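Fold and contact review
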Amino acid sequence: MASSAEVRIVATTRVPLLHQPPPHLEHLPLRRLPSLVESLKSSLADAIAVFFPLAGKLTYLPFTGDVVIDCSLSAVGDGVVFLEAEAYGDARVLSGAERHDVPAFLRFVPSLEAPEPPAPVFAVQATRFVDGGGVAVGVAAHHAVADLPTANLLRRTWQHHDTTTLELESHRVAHIKNRIGEVNQAATTASPGTNRRPLPSTLVAISALIWSSVIRARSSQPNDSPGDDACAHLVFLADCRPWLDRPVDAAYFGNCVRGCVAEAAAWDLADPRSGVLRARDAIEKAVDGFLERPMEAFDKWLDSVGALLRQPGFVAVTASPRFPAYAAADLGWGAPSRVEFVSESAPEGMMVVTGGRKKASVQVSACLSPEHMDAFRSLVLDW
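For every chain, the first residue of the written sequence is number 1, and numbering continues from 1 onward in sequence order. With the structure being a predicted model, the display of local features is reserved for residues of pLDDT at least 70 and the display and counting of side-chain atom pairs for 80 or more, all residues being used for whole-chain, interface and lining totals. Only hydrogens and water are set aside when side-chain values are computed; all heavy atoms of the structure are taken into account.

The name given to the chain in an unreviewed UniProt entry is Anthocyanin 5-aromatic acyltransferase, with the source organism recorded as Oryza meyeriana var. granulata.

Spelled out as structure tokens, the structure:
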């Protein structure tokens, strides 16, 4: 795909940790980029004064073998990198396209790469679109200090797979839940003794549809068709904070999650009618297992998930429909036209699920091989 935007960095500054915004910058006209940039810098200064690890450096301590966030004065004194840039392209095309223009998106977000530690953990880039107006605000945050890297357009994205964003409106989400209920009722009628189940939560319903659709899309390719005994795995994250014996307060800033793994036979998930039901059952079983033992293997789950990444049946769902991505990314100018949440090195099969643009809608950003993407999209939207 030809890139639809060219980006030129016009300035690089650093925002000091303890800078306070002057009173005359409290209300700024948005017609001029300098005013907009100064407003963003002032807000950033306030933010890092509270969440000071964002201004630190990721550092290795050879005498202990630990990797730490260095928040000493020498580390935070330089402040956070803030890039100002100009883009030549149409912001409406980029923000409205279902399939991502990866080369263009990459230019809107600063890099945190460093040849060796210490390395920055946070950076911001504001890019003004010269043709037609619009601003992209890219925020890079290392996973050591935040759950997910974020951007109002896109964080460094998956370069070896297709990425597509689908928005499921509220009526579509309700339809998916109700259809799962209908399929479950039919199975109950056909098999006496089978218990009726309540409608699944939004996360379970969407995750079940995504998982089944990925397996079916892969099964449509002869070389990717699962064997009779093939297992498929879905990984999703559970919040462990409510289960800590010394609870953290609402101001806690950082990671406290554990991966949960749902497992099912790939052939069951690929069934056109009952596949989503099988996926729901496996996901709810994994949720029940977490609730019974929420802190089990808390410090080892990444190793077990790492082994699954190399398996052909791997799918992962990150974030949550409960996270109001567009409200959270409102910088005072109204909700942005596009918000994407991605990882620095997301594998094929990664799905990012958040609240969408519209009320009660759900946004799904899918990373799949090009030969599977069209089938996946149709399966999700037409089920």
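Now that the structure has been shown, we can carry on.
Once that is clear, we can look at helix α5 (residues 170–190). By definition, any uninterrupted DSSP run of H or I lasting at least four residues is a helix, any uninterrupted run of E lasting at least two residues is a strand, and each is numbered from the N terminus. Helix span, as expected, comes to 1.5 Å for every residue beyond the first. When the terminal C-alpha atoms of α5 are compared, their 30 Å separation across 21 residues agrees well with the 30 Å that a helix rising 1.5 Å per residue should span. Exposed residues in this analysis have more than 50% of their type's maximum accessible area, buried residues have under 20%, and partly exposed residues fall in between, with area computed by a 1.4 Å probe over protein chains only. Buried within α5 are the following residues: Arg172, Val173, Ile176, Ile180, Gly181, Val183, Asn184 and Thr188. Contacts are assigned to residue pairs that have any heavy atoms within 4.5 Å of one another. Tucked into the core, α5 has its buried residues touching β9 (162–168), α6 (202–219), α8 (275–292), β15 (362–368) and α11 (370–382).

Moving on: unusual backbone geometry. The omega angle of the peptide bond from Pro117 to Pro118 is 5 degrees, so this bond is cis rather than trans. Summarising the element assignment, Pro118 is placed in the loop between α4 (102–106) and β5 (119–120). Even without glycine at this site, Ala319 takes up a positive phi of about 65 degrees. Tracing the sequence through the fold places Ala319 in the loop between β12 (314–318) and α10 (325–328). With relative accessibility at 31%, the residue Ala319 sits in the partly exposed group. Even without a glycine there, the phi angle at Ala360 is positive, about 65 degrees. Among the secondary structure elements, Ala360 is positioned in the loop between β14 (350–355) and β15. For Ala360, a relative accessible area of 55% corresponds to the exposed category.

Between rings of Phe, Tyr and Trp, where Trp is taken as its six-membered ring, a pair exists when centres lie within 6.5 Å; planes separated by under 30 degrees are stacked, by over 60 edge-to-face, and by other angles tilted. The tally for this structure, following the rule as stated, stands at two aromatic pairs. Ring centres of Phe108 and Phe129 lie 5.4 Å apart, and the angle between their planes is 45 degrees; this geometry places the pair in the tilted category. Here the residue Phe108 occupies a position in the loop between α4 and β5, and Phe129 occupies one in strand β6 (residues 122–129), the gap between them amounting to 21 residues. There is no split in this pair, since Phe108 and Phe129 are both buried. Here the aromatic rings of Trp243 and Phe290 are separated by 6.4 Å at their centres, their planes lie at 85 degrees, and the arrangement is edge-to-face. Of this pair, Trp243 sits in the loop between β10 (231–239) and β11 (257–265) while Phe290 sits in helix α8, and the two are 47 residues apart along the sequence. In this arrangement the basic side chain of Arg179 is found over the ring face of Trp383, its NZ or CZ atom lying 4.5 Å from the centre. For a lysine, the NZ atom is tested; for an arginine, the CZ atom; a charge sits over a ring if that atom is within 6 Å of the ring centre and within 35 degrees of the ring normal.

A separate point is the pattern of salt bridges. Salt bridges are defined by distance alone: a side-chain nitrogen of Lys or Arg within 4 Å of a carboxyl oxygen of Asp or Glu. According to the stated counting rule, one finds 18 salt bridges in the structure shown. Note that Glu98 and Arg377 form a salt bridge whose closest N and O atoms lie 2.3 Å from each other. A residue pair is termed long-range when its members are at least 10 positions apart, and Glu98 in the loop between α3 (91–96) and α4 and Arg377 in helix α11 qualify at 279 residues. The exposure class of Glu98 is partly exposed, given its relative accessible area of 29%. Using a relative accessible area of 31% as the deciding quantity, one classes Arg377 as partly exposed. Between Glu296 and Arg293 there is a salt bridge; the shortest N-O distance is 3.2 Å. Note on Glu296: relative accessible area 45%, which makes it partly exposed. Overall, the relative accessible area of 40% leaves Arg293 in the partly exposed class. Salt bridges sharing partners connect three or more residues here, namely Arg197, Arg280, Asp281 and Glu284.

Quick look at the nonpolar core now. Counting 48 residues, the largest nonpolar core has Ile210, Trp211, Met351 and Phe376 as its most contacted members. Setting aside anything within four residues of it in sequence, one finds Ile210 in contact with Val315, Met351, Val353, Val364 and Phe376. We call a set of buried Ala, Val, Leu, Ile, Met, Phe, Trp, Tyr and Cys residues a nonpolar core when their side-chain atoms join them within 4.5 Å. Val37, Leu40, Ala45 and Ile48 belong to the second largest nonpolar core, which has 20 residues in total.

Below, the discussion takes up the state of the cysteines. Two cysteines, two sulfur atoms, one covalent bond between them: this is a disulfide. For the purposes of this analysis, a disulfide is any pair of cysteine sulfur atoms at a distance within 2.5 Å. Applying the stated criterion to the full structure yields zero disulfides. Distance from the sulfur of Cys240, which forms no disulfide, to the nearest cysteine sulfur (Cys256) is 5.4 Å.

It is worth spelling out helix α9 (residues 301–309) at this point. Taken together, the buried positions of α9 are Trp301, Val305 and Leu308. Projected down its long axis, α9 carries its buried residues within an arc of 50 degrees, all on one side. Exposed residues lying more than 90 degrees from the buried face of α9 are Leu302 and Asp303. Along its buried surface, α9 packs onto β10, β11 and β12. Arc definition: directions from the helix axis to the C-beta atoms.

To get an axis, a line is fitted to the C-alpha atoms, and for a helix only the part in contact is used. The angle between two axes follows their N-to-C directions and goes from 0 to 180 degrees. Put simply, α6 and α8 touch, their axes get as near as 8 Å, and they point 125 degrees apart. Taken as axis vectors, α6 and α8 run oblique relative to one another. Judged by the sense of rotation from one axis to the other, the crossing of α6 with α8 is right-handed. Packed against α6, whose contacting residues are Val204, Ser207, Ala208, Leu209, Trp211 and Ser212, the element α8 presents Gly275, Val276, Ala279, Arg280, Ala282, Ile283 and Glu284 at the interface. Considering only residue class, the contact of α6 with α8 consists of eight nonpolar, three polar and two charged. In these notes the angle categories are as follows: under 35 degrees is roughly parallel, over 145 is roughly antiparallel, 65 to 115 is roughly perpendicular, and the rest is oblique. Two helices cross in a left-handed way if the nearer one is turned anticlockwise from the farther one by less than a right angle. They cross in a right-handed way if the turn is clockwise. The residue classification treats Ala, Val, Leu, Ile, Met, Phe, Trp, Tyr, Cys and Pro as nonpolar and Asp, Glu, Lys and Arg as charged. All others, Gly included, are polar.

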